[in-house]
Amino acid sequence: MADDRPFGILPVVDVAPLRSTQAAGSAEVARQIEAACREHGFFYVTGHGVAPDLLARLTRACAAFFALPQAAKMEIAMARGGPAWRGYFPVGAELTSGRPDLKEGLYFGAELGGDDPRVRAGLPLHGPNLFPRQVPELRAAVLDYIGALTDLGQTVLRGVALSLGLDADYFAAGYTASPTVLFRVFRYPAPPPGEEGWGAGEHTDYGLLTLLAQDANGGLQVRTPGGWIDAPPIEGTFVANIGDMLDRLTGGWYRSTPHRVRNVSGRDRFSFPFFFDPDFTAEIPPLPERAAVADGGQPRWDGQNLHAHRGTYGDYLLGKVSKVFPQLRREVLTDEAP
């Protein structure tokens, strides 16, 4: 990554060396990831090995679903997913910072049957997905995508681990040995004339790592010390950003960065954020060498101090999602959510 890169342009990191069993090139990738996480908390990922036709299949199937009549989409409404927290939500049903977002979407996760120990234990946000009968091809596309992005998440976290002076398999052998995998598909309609129509208000992500595929219409913005900048789509890349738990783990050395979405293209915008997060039952204390930083952690843009959190990642996540979908929380997570 060149040092003369203009300020405000997110870096592009080729993670191909991290996918190899050979160590050659990994140290340089880790250096680039450290610089990106320290400067912006966001970077583009290339060299990822995800087949282009996989995202094309997924996009076609999702477009077919969103084109269905509303009544058909509501057949897999999130309330029907129960504590697994899966399914469809209509425009305006999801809140960011207490305000309805101008988007509709689908919530998916790792496909878990009733014999999975996490499901047997009754962990919220774990279980089977809901798929529409009208678009049967969506199931295979979603599950194939989740598999490919899970592998990519482990790859990128190898670079993050090396950037922190840890063993390359630090995350895969620990926090993400049994990861919390959450996958979302969003359709952002164009705002009505004369309205701002924020597709998603200012927020940070909750876990370790987000990998975003976005269509050609753009709309993602990232908050930097110099102001808001666009993160336009670059063909063949994913946008990676770090979440609150990586911020907490590093004692604020890496900060989770606020971002937002506004669709100004005049067309529907599709995005595919994949959240690769810690084990639901794991506690996330700061790394010992970062503890001194965490002890003096400063409140963030939203007034929250991540380093004051006590409990598991699941506790933190449920506290967040209960604010995003307050009605759904009351209906299906009343006993579980804090």
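Residues numbered from 1 in each chain as written. Predicted model: local features only at pLDDT ≥ 70, side-chain atom pairs only at ≥ 80, totals over all residues. Heavy atoms only, no water.

## Quick look at the pattern of salt bridges
What the rule picks out here adds up to 12 salt bridges. The closest approach of N and O atoms between R57 and D144, which form a salt bridge, is 3.2 Å. Within this pair, whereas R57 is found in helix 2 (residues 52-66), its partner D144 is found in helix 5 (residues 137-163), the two being separated by 87 residues in sequence. With a shortest N-O distance of 2.6 Å, K103 and D101 are connected by a salt bridge. The exposure classification of K103 matches that of D101, with both residues buried. (Salt bridge = Lys/Arg side-chain N within 4 Å of Asp/Glu carboxyl O. Helix = DSSP H or I, 4+ residues; strand = E, 2+ residues; numbered from the N terminus. Buried < 20%, exposed > 50% of the residue type's maximum accessible area, 1.4 Å probe, protein only.)

## Considering the side chain of E104
Structurally, E104 can be placed in strand 6 (residues 104-109). For E104, a relative accessible area of 2% translates into the label buried. Only 3.1 Å separates the side chain of E104 from the side chain of K73, close enough to count as a polar contact. Of note is the side chain of E104, whose polar atom sits 2.5 Å from the side chain of Y88. (Polar contact = N/O pair within 3.5 Å; in protein donor to acceptor, adjacent residues only side chain to side chain.)

## Comments concerning empty space enclosed by the protein
Over the atoms rolls a probe the size of a water molecule, and its path tells where empty space is left. Within the structure shown, the criterion is met by one cavity of 30 Å³ or more. Within this model, the largest cavity holds a volume of roughly 50 Å³. Around the largest cavity, the lining residues are R86, G109, A110, L112, R118, L125, H126, P179, T180 and V181. Partitioned by chemical class, the residues of the lining of the largest cavity number five nonpolar, three polar and two charged. (1 Å grid on protein atoms, 1.4 Å probe; cavity = no way out; pocket = protein on both sides within 12 Å on 5 of 7 lines; lining within 4 Å. Points joined across faces, edges and corners; volume = space filled by probe spheres on them. Nonpolar A, V, L, I, M, F, W, Y, C, P; charged D, E, K, R; others polar.)

## Notes on the confidence of the model for the protein
Taken over all residues, the pLDDT of the protein has a mean of 90, while the share at 70 or more is 92%. Considering only residues more than four positions removed or in separate chains, one finds that residues 1-7, a stretch of pLDDT under 50, has 12 contacts. (pLDDT = per-residue confidence, 0-100. Contact = heavy atoms within 4.5 Å.)

## Concerning helix 2
Here helix 2 is 15 residues long and its end C-alpha atoms lie 22 Å apart, about the 21 Å a rise of 1.5 Å per residue gives. Within the span of helix 2, buried status applies to L54, L58, A61, C62, F65 and F66. On an axial view of helix 2, the arc spanned by its buried residues comes to 135°, and they lie on one face. Facing away from the buried surface of helix 2 by more than 90 degrees, the exposed residues are P52 and R60. For helix 2, the elements touching its buried residues are helix 3 (70-73), strand 3 (87-89), strand 6, helix 5, strand 7 (180-188) and strand 14 (269-277). (Expected span 1.5 Å × (residues − 1). Arc of directions from axis to C-beta.)

## Describing the packing of aromatic side chains
Across all of its chains, the model carries 16 aromatic pairs by this definition. Here the aromatic rings of F89 and F325 are separated by 5.3 Å at their centres, their planes lie at 70°, and the arrangement is edge-to-face. One end of the pair, F89, is in strand 3; the other, F325, is in the loop between helix 8 (313-324) and helix 9 (326-332), and 236 residues separate them in sequence. The pair formed by F89 and F325 is uniform in burial state, with each residue classed as buried. Ring centres of Y107 and F325 lie 5.5 Å apart, and the angle between their planes is 80°; this geometry places the pair in the edge-to-face category. With Y107 in strand 6 and F325 in the loop between helix 8 and helix 9, this pair connects stretches of sequence that are 218 residues apart. Residue classification places Y107 among the buried residues on the basis of a relative accessible area of 5%. What links up through ring pairs into an aromatic cluster is the set W85, F89, Y107, F186, Y188 and F325. (Phe/Tyr/Trp six-rings, centres within 6.5 Å; stacked < 30°, edge-to-face > 60°.)

## Looking at the pairing of strand 6
Summarising burial for strand 6: six of the six residues are buried, a large majority. Side chains of strand 6 alternate between two faces, with E104, L106 and F108 and G105, Y107 and G109 buried alike. Sheet analysis places strand 3 next to strand 6, joined by three bridges and oriented antiparallel. Bridge pairing links G87 to Y107 in strand 6. By the bridge criterion, six bridges tie strand 6 to strand 7 in an arrangement that is antiparallel. In the strand pairing of strand 7, G105 is matched with F186. (Pairing = 2+ DSSP bridges.)

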